[in-house]
Amino acid sequence: MTKSRPNDNGRYFEFLLTDFLVNEFKISLTERAKIDQERDKEKVVDSKVLKKMNDSVIKIKNWLEKQVELNSECILDRLPDKDVNQSTHADISIIGSKKISFSLKHNHDGIFHGRIGACSNWPGIDKQSSLTTKFEKNKKNLYLDIQKKIPIGTKFADKGIYEEYREEWSKFVYELHELARNFLNKACKDTHKTRNLFNTIMGSGSDEFRILQKNSKVIVQDLRNLSLPNKVKIDNVQNLSDKDPRSSYVWHLVFCFDNGIKIDARNKQDSGTMATTPKLKLDWQVIDWGNSGMIEKIL
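Below you will find a few notes about this structure.

Calculation criteria
- Residues numbered from 1 in each chain as written.
- Predicted model: local features only at pLDDT ≥ 70, side-chain atom pairs only at ≥ 80, totals over all residues.
- Heavy atoms only, no water.
- Helix = DSSP H or I, 4+ residues; strand = E, 2+ residues; numbered from the N terminus.
- Rg over C-alpha atoms; globule rule 2.2 N^0.38 Å.
- Buried < 20%, exposed > 50% of the residue type's maximum accessible area, 1.4 Å probe, protein only.
- Contact = heavy atoms within 4.5 Å.
- Areas by Shrake-Rupley, 256 points an atom, 1.4 Å probe, with all protein chains shown as cover.
- Lys, Arg positive; Asp, Glu negative; His and termini not counted.
- Charge placed at Lys NZ, Arg CZ, Asp CG, Glu CD.
- Pairing = 2+ DSSP bridges.
- Salt bridge = Lys/Arg side-chain N within 4 Å of Asp/Glu carboxyl O.
- Phe/Tyr/Trp six-rings, centres within 6.5 Å; stacked < 30°, edge-to-face > 60°.

1. A closer look at the overall build of the protein chain
Counting its secondary structure elements, the protein chain contains 6 helices and 13 strands. In terms of overall size, the protein chain behaves like a compact globule, its C-alpha atoms giving a radius of gyration of 21 Å where 299 residues would be expected to give roughly 19 Å. Each principal axis of the C-alpha distribution contributes one length, and for the protein chain these read about 60 × 50 × 35 Å. Scored against the burial criterion, the 299 residues of the protein chain give a buried share of 48%. Nonlocal contacts in the protein chain, meaning residues at least 24 apart in sequence, comprise 68% of its contacts between residues at least 6 apart. For the protein chain, the computed accessible surface area is about 15600 Å², with 47% contributed by carbon and sulfur atoms. Across the protein chain, 51 positive and 42 negative side-chain charges occur, with their mean positions spaced 2 Å apart.

Here's what the structure looks like:
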């Protein structure tokens, strides 16, 4: 590899912190963490980025020592992006005198990896319900429709959507977002389903922190005492700009929970070539924490 990429930087940041804690405190690793360390140790990062990472590792180590006793009795695990139990979005957990879990972000503060096509699983609705089966049927029809206009195997994007496909792609994304919005708004009529959706997006771990490196700054967000919502309202909007042609085909699902948290989920194509299942992902960002109970600290 000759060039660093954002995902490589993020994983190397996890590797670097883990490696430092092992060397400094003789912490043990789970088998999964050992495999991830072997995978990530050869990743290439820019020298300036590496210096900032190393500076941040020291700050994080100092903070961690105040949260948990770090020693050879501790066990560190590196957690997968997809947690089958959807209980946490943490990247690293350390179990010692107590347990601490945290996500670790390098110049990125996305909160969730969920794809909108899978949203029928998020509120905890019966998979055989008429609401779910109707959503899945309509989603399949949308996929078939866009593939008539952009056939499977067609290269339709490179960083951005090619101009000749923008109108059809925008219409497809809008309709898929509308389908998801209507499904989720109907599914989350009661508090329990709303909280299922909230915990799916935010993670429901009870010992959660988010650690964000933003250039030379390290920010810790304490999510342990987030208030749970009772209701949610979801909108599907565009932020049109004459200066950005991409804005004509980018749509945002905006989740407004009544605990004050507002989340923007912006669509991005995950591949420039049309596939059997269109490769569409979302960039999930908290744009307002409100009075939800999140406590932020700059290290």
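2. Overview of the pairing of strand 7 (residues 208-214)
For strand 7, the tally of buried residues reaches 6 of 7 residues, placing the bulk of the element in the interior. Where strand 4 (residues 99-106) meets strand 7, 6 bridges bridge the pair, whose relative direction is parallel. Paired with Phe102 across the two strands is Phe209, which belongs to strand 7. Sheet analysis places strand 7 next to strand 8 (residues 217-222), joined by 6 bridges and oriented antiparallel. Each residue of the ladder has a partner; that of Lys214, found in strand 8, is Lys217. Hairpin connection from strand 7 to strand 8: 2 residues lie between these consecutive antiparallel strands, with Asn215 at a positive phi of about 60°.

3. Some thoughts on the pattern of salt bridges
Counted according to the given criterion, the structure contains 21 salt bridges. A salt bridge links Lys51 to Asp55; the nearest nitrogen and oxygen atoms lie 3.1 Å apart. On the criterion of helical spacing, the pair formed by Lys51 and Asp55 is a turn pair, its members being 4 residues apart in helix 3 (residues 47-67). Here Lys51 falls in the exposed class, since its relative accessible area comes to 53%. It is possible to trace a salt-bridge network through shared partners that takes in Glu14, Asp36, Arg39, Asp40, Lys43 and Arg78.

4. Here we look at the pairing of strand 11 (residues 262-269)
For strand 10 (residues 252-257) and strand 11, the ladder comprises 5 bridges, and the chain directions are antiparallel. Bridged to Cys256 within strand 11 is Lys262. The turn linking strand 10 back onto strand 11 is made up of 4 residues, and Gly260 within it adopts a positive phi angle of 100°.

5. Quick look at the packing of aromatic side chains
Following the criterion strictly, the structure yields 12 aromatic pairs and no others. Each ring, one from Phe135 and one from Phe183, has its centre 5.1 Å from the other, and the planes form 40°; the classification is tilted. Remark: Phe183 occurs in helix 5 (residues 166-187) and Phe135 occurs in helix 4 (residues 130-149); sequence separation between them is 48 residues. Accessibility classification places Phe135 together with Phe183 in one group, the buried group. Pairing Trp169 with Phe172 gives two aromatic rings, centres 5.3 Å apart and planes at 55°, and the pair type is tilted. Taken together, the residues Trp169 and Phe172, both in helix 5 and 3 residues apart, mark about one turn of the helix. Using a relative accessible area of 1% as the deciding quantity, one classes Trp169 as buried. Pairwise contacts between aromatic rings join Phe112, Trp122, Phe255 and Trp284 into one cluster.

6. Comments concerning the environment of Leu79
Among the secondary structure elements, Leu79 is positioned in the loop between strand 2 (75-78) and strand 3 (92-95). Classification of Leu79 by relative accessible area gives buried; the value is 15%. Expressed as a C-alpha distance, the spacing of Leu79 and Ile92, which sit 13 residues apart in the sequence, is 5.8 Å. The contact partners of Leu79, leaving out residues within four places of it in the chain, are Arg32, Thr88, Ala90, Asp91, Ile92 and Ser93.

7. Remarks on unusual backbone geometry
Working note: non-glycine residues mostly have negative phi, and peptide bonds are mostly trans. With a phi angle near 75°, Lys159 is a residue other than glycine that sits in the positive phi range. Positionally, Lys159 belongs in the loop between strand 5 (157-158) and strand 6 (160-161). The backbone of Asn215 sits at a positive phi, close to 60°, despite the residue not being glycine. Judged by relative accessible area, Asn215 falls into the partly exposed class, the value being 47%.

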